[in-house]
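# Structure assessment
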Amino acid sequence: MSALSGAKPDNVEQEDWDKLQKELSKFSGSSKMTLEQLQNASPDSLGNNQEMESQWAEKAFKHAETYQNLLPVFADKTKLKLTKIDNVIYKHFRETFPKLDIAELDEDFIKSKEQKALWRLFCNVYKDGVVPDYNMGSLLRVRAKEPFGQHNCMIVPRIQFFAIEIARNREGLNDCFTKKN
């Protein structure tokens, strides 16, 4: 039985629609929900899929840990490539956010209504396979000079992580992470 009733929206791929229905059936049981009901439902009424959350958290942590371990390996951080299109991402990032202080991020500012709208436009440029998993949740350090930690990270889309960390590498903010002899 389908978790969502009604027709698949034209802007959604069939494979994605099928995955969405499968995942939603875990939350909604056998009752059907319309897309409108889903969009208007409170997160509390949908419940949580603990297995999915655990898998996401593990993947996000491993990604953050791997990146943190890579930083000291590169003496010249400008040589560290995070994607195949780092130059494009950096140029687009600094054209869109020329004055954003990336040394110490203000999470409230970045997640404000106005900034979220700008970031959404920025991020959507990289969908459709341009940057794989561009919208996957990633852990980003708030303060560039400190390693990842419980009080030094926030959750952002992967392309936002790439944009800010590419800029930090190019602008010398990650140079403090050096190989210890």
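In what follows, the structure referred to is the one given above.
Residues numbered from 1 in each chain as written. Predicted model: local features only at pLDDT ≥ 70, side-chain atom pairs only at ≥ 80, totals over all residues. Heavy atoms only, no water.

What follows covers the environment of Asp101. Checked against the element boundaries, Asp101 lands in the loop between helix 5 (86-96) and helix 6 (107-110). You can call Asp101 partly exposed: its relative accessible area is 46%. It is 9.8 Å that separates the C-alpha atoms of Asp101 and Ile164, two residues lying 63 residues apart in sequence. (Helix = DSSP H or I, 4+ residues; strand = E, 2+ residues; numbered from the N terminus. Buried < 20%, exposed > 50% of the residue type's maximum accessible area, 1.4 Å probe, protein only.)

Here the idea is simple: oppositely charged side chains can pair when their charged atoms come close. This model, assessed by the stated rule, comprises eight salt bridges. Taking the shortest distance from any N to any O, the salt bridge between Glu171 and Arg94 comes out at 2.9 Å. Note that Glu171 is positioned in the segment after helix 8 (158-170) and Arg94 in helix 5, a separation of 77 residues in sequence. Of the residues examined, Glu171 reaches a relative accessible area of 34% and is grouped as partly exposed. A residue is classified by how much of its surface remains accessible, and Arg94, at 17% relative accessible area, is buried. With a closest N to O distance of 3.0 Å, Glu146 and Arg143 form a salt bridge. The exposure class of Glu146 is partly exposed, given its relative accessible area of 34%. (Salt bridge = Lys/Arg side-chain N within 4 Å of Asp/Glu carboxyl O.)

For Lys77, the position within the fold is in the loop between helix 4 (50-70) and helix 5. No salt bridge is formed by the buried Lys77; its nearest oppositely charged neighbour, Asp175, is found at 5.0 Å. Within the local environment of Lys77, its side chain forms a polar contact with the backbone oxygen of Phe74, the two atoms lying 2.6 Å apart. Ignoring anything within four residues of it in the chain, the contact list for Lys77 reads Leu71, Pro72, Asn169, Asn174, Asp175 and Phe177. (Lys, Arg positive; Asp, Glu negative; His and termini not counted. Polar contact = N/O pair within 3.5 Å; in protein donor to acceptor, adjacent residues only side chain to side chain. Contact = heavy atoms within 4.5 Å.)

Considering the arrangement of structural elements, one finds Glu146 in the loop between strand 3 (137-140) and strand 4 (154-157). Sequence spacing of Glu146 and Cys176 is 30 residues, and the spatial spacing of their C-alpha atoms is 8.8 Å. Residues contacting Glu146, with those up to four places away along its chain left out, are Arg141, Asn152 and Phe177.

Here we come to the layout of surface pockets. Within this model, the second largest pocket holds a volume of roughly 390 Å³. Tyr126, Lys127, Asp128, Gly129, Val131, Pro132, Asp133, Tyr134, Asn135 and Met136 are the residues that line the second largest pocket. Tallied by class, residues from the lining of the second largest pocket come to five nonpolar, two polar and three charged. (1 Å grid on protein atoms, 1.4 Å probe; cavity = no way out; pocket = protein on both sides within 12 Å on 5 of 7 lines; lining within 4 Å. Points joined across faces, edges and corners; volume = space filled by probe spheres on them. Nonpolar A, V, L, I, M, F, W, Y, C, P; charged D, E, K, R; others polar.)

Nonpolar side chains in soluble globular proteins tend to be buried together. Core analysis: the largest hydrophobic core is formed by 31 residues, its most contacted members being Ile89, Phe93, Ile102, Leu105, Trp119, Phe122 and Ile159. Of all the secondary structure elements, the ones that give two or more residues to this core are helix 5, helix 7 (113-124), strand 4 and helix 8. Per-element tally for this core: the top contributor is helix 8, with seven residues. Excluding residues that lie within four positions of it along the chain, Ile89 makes contacts with Thr83, Phe122, Tyr126, Val131, Ile159, Ala163 and Ile166. (Core = buried A, V, L, I, M, F, W, Y, C linked by side-chain atoms within 4.5 Å.)

Before going further, it helps to spend a moment on the packing of helix 7 against helix 8. Geometrically, a packed helix pair is captured by the angle between its two axes and the distance between the axes. One can describe the packing of helix 7 onto helix 8 by two numbers: an axis separation of 9 Å at closest approach and a directional angle of 95°. One element, helix 7, and the other, helix 8, form an angle in the roughly perpendicular class. Contacts between helix 7 and helix 8 pair Trp119, Phe122 and Cys123 from the former with Ile159, Gln160, Ala163 and Ile164 from the latter. Looking at the contact of helix 7 with helix 8 residue by residue, the class counts come to six nonpolar, one polar and no charged. (Axes fitted to C-alpha atoms, helices over the stretch in contact; angles between N-to-C directions. Parallel < 35°, antiparallel > 145°, perpendicular 65-115°, else oblique.)

On to unusual backbone geometry, then. Although it is not a glycine, Asp128 sits at a positive phi angle of roughly 60°. Here Asp128 is to be found in the loop between helix 7 and strand 3. Look at Asp128 and you get exposed, because its relative accessible area is 74%. Despite not being glycine, Asp133 shows a phi value in the positive range, around 55°. Within the element layout of this structure, Asp133 appears in the loop between helix 7 and strand 3.

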